[in-house]
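Secondary and tertiary structure notes
Each chain, written out:
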Amino acid sequence: MECSDSKEEPKNGRSSNWDDDQPFTLEDLEAIDAVFQSASSKRPRLSTNHHRRLPNSILALQLPNSSLSPCQAKAKMRFRYPVMKFLGAIKYSRTNVDVERASMEVLKIVEAKKMEVGKVAIGFDIEWRASFVKGVPPGRAAVMQICLDTSHCYVMHIFHSGIPKSLQLLLENSMFSKVGVGIGNDSVKISKDYNVSIQAVEDLSYLAKQKLGGDSQKWSLASLTENLISKQLLKPKRIQLGNWETNVLSKDQLEYAATDAFVSWYLYEVLRTLPDIEKPPMIDDKGGELKDVSPQDLGRSPDQNVTVTL
């Protein structure tokens, strides 16, 4: 049985009064430690002298006879990972002039990196306002976020600015990659909403399949974050499904957008250093291993395909 992950991450199992962004206090950590110790004993006991309600994922450990499926166990233990956040500078632009200036700045950085290291990739993602009414389509792409390193992420409020010429040149430049999960769908939406064709896109879920195996649909941004760097990527619905067409983005929206683009860039840098997984050998109906041989090796013309049995 496999645990399925999608681009819209499931709820993390915390109670409604638990704040994702509120740090654990020393009292909370002691209570959590007590839960784990009691969960491993025959007669679990939990002190209730703390004033703050613990997440359901921790309280569930009090149940001595609880039986969790692998998927449930994985969801319950996610709180143990530290939260992934972008800690650099977020450069927010919302007017046409400001987005133009930010795009030119990104282009200069990309050109400099390309001369220095050759292959360059940028983390890329977009946000739009969801629709909750049947028959009403979602809004057009409202926010575009771009990240090139650990220092700076650019959040562009294209709902207000549109896509100026320099940003179009950046997106249509095929000399460097734009990376993210589900980025193919994002590029289609940008093309539909703004008539701009994004070039050189690379989906991290397919790269993960090449490097880690499994079905590409298994690899969401959150699952890659957990498996590759042992951190959790929070996806609060109040932000993810919020109003991205607002006049000015909130601090929470800016951090959410920048983190997504940063994680896309960071995971790409991790994945590309990994070797491809070995493909299992091809076996014929008699149990022999099949091996591709170049036609030139057998003195035949290049248009003739040859497979031999070892």
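In the block above lies the structure referred to throughout.
A brief structural summary. (Residues numbered from 1 in each chain as written. Predicted model: local features only at pLDDT ≥ 70, side-chain atom pairs only at ≥ 80, totals over all residues. Heavy atoms only, no water.)

End to end, helix 7 (residues 183-194) covers 16 Å across twelve residues, agreeing with the expected 16 Å (1.5 Å per residue, within 8%). Listed as buried for helix 7 are Ile183, Asp186, Ser187, Lys189, Ile190 and Tyr194. Buried residues of helix 7 fall within an arc of 160 degrees about the axis and therefore sit on the same side. Pointing more than 90 degrees away from the buried face of helix 7 are the exposed residues Asn185, Val188 and Lys192. Elements that come into contact with the buried residues of helix 7 comprise strand 2 (121-128), strand 3 (141-147), helix 5 (158-161), strand 5 (177-180) and strand 6 (201-203). (Helix = DSSP H or I, 4+ residues; strand = E, 2+ residues; numbered from the N terminus. Expected span 1.5 Å × (residues − 1). Buried < 20%, exposed > 50% of the residue type's maximum accessible area, 1.4 Å probe, protein only. Arc of directions from axis to C-beta. Contact = heavy atoms within 4.5 Å.)

Moving on, we come to the side chain of Lys235. The topology assignment puts Lys235 in the loop between helix 9 (221-229) and helix 10 (237-240). A distance of 2.7 Å separates polar atoms of two side chains, one belonging to Lys235 and the other to Asp260. (Polar contact = N/O pair within 3.5 Å; in protein donor to acceptor, adjacent residues only side chain to side chain.)

In this model, helix 11 (residues 251-271) (21 residues) spans 30 Å end to end at C-alpha, consistent with the 30 Å of a helix rising 1.5 Å per residue. With 15 of 21 residues buried, helix 11 is to be regarded as a mostly interior element.

Tallied over the entire structure, the rule returns one disulfide. The side chain of Cys147 participates in a disulfide bridge whose partner is Cys153; the two sulfur atoms lie 2.4 Å from each other. Here the disulfide of Cys147 and Cys153 is left-handed, its torsion about the S-S bond being about -80 degrees. Neither residue differs from the other here; Cys147 and Cys153 are each classed as buried. (Disulfide = S-S within 2.5 Å.)

Non-glycine residue Ala200 carries a positive phi angle of around 60 degrees. Structurally, Ala200 can be placed in the loop between helix 7 and strand 6. Overall, Ala200 belongs to the partly exposed group, its relative accessible area being 28%. The backbone phi angle of Ser230 is positive, close to 55 degrees, even though this residue is not glycine. Examined against the element boundaries, Ser230 turns out to sit in the loop between helix 9 and helix 10. Here Ser230 falls in the partly exposed class, since its relative accessible area comes to 40%.

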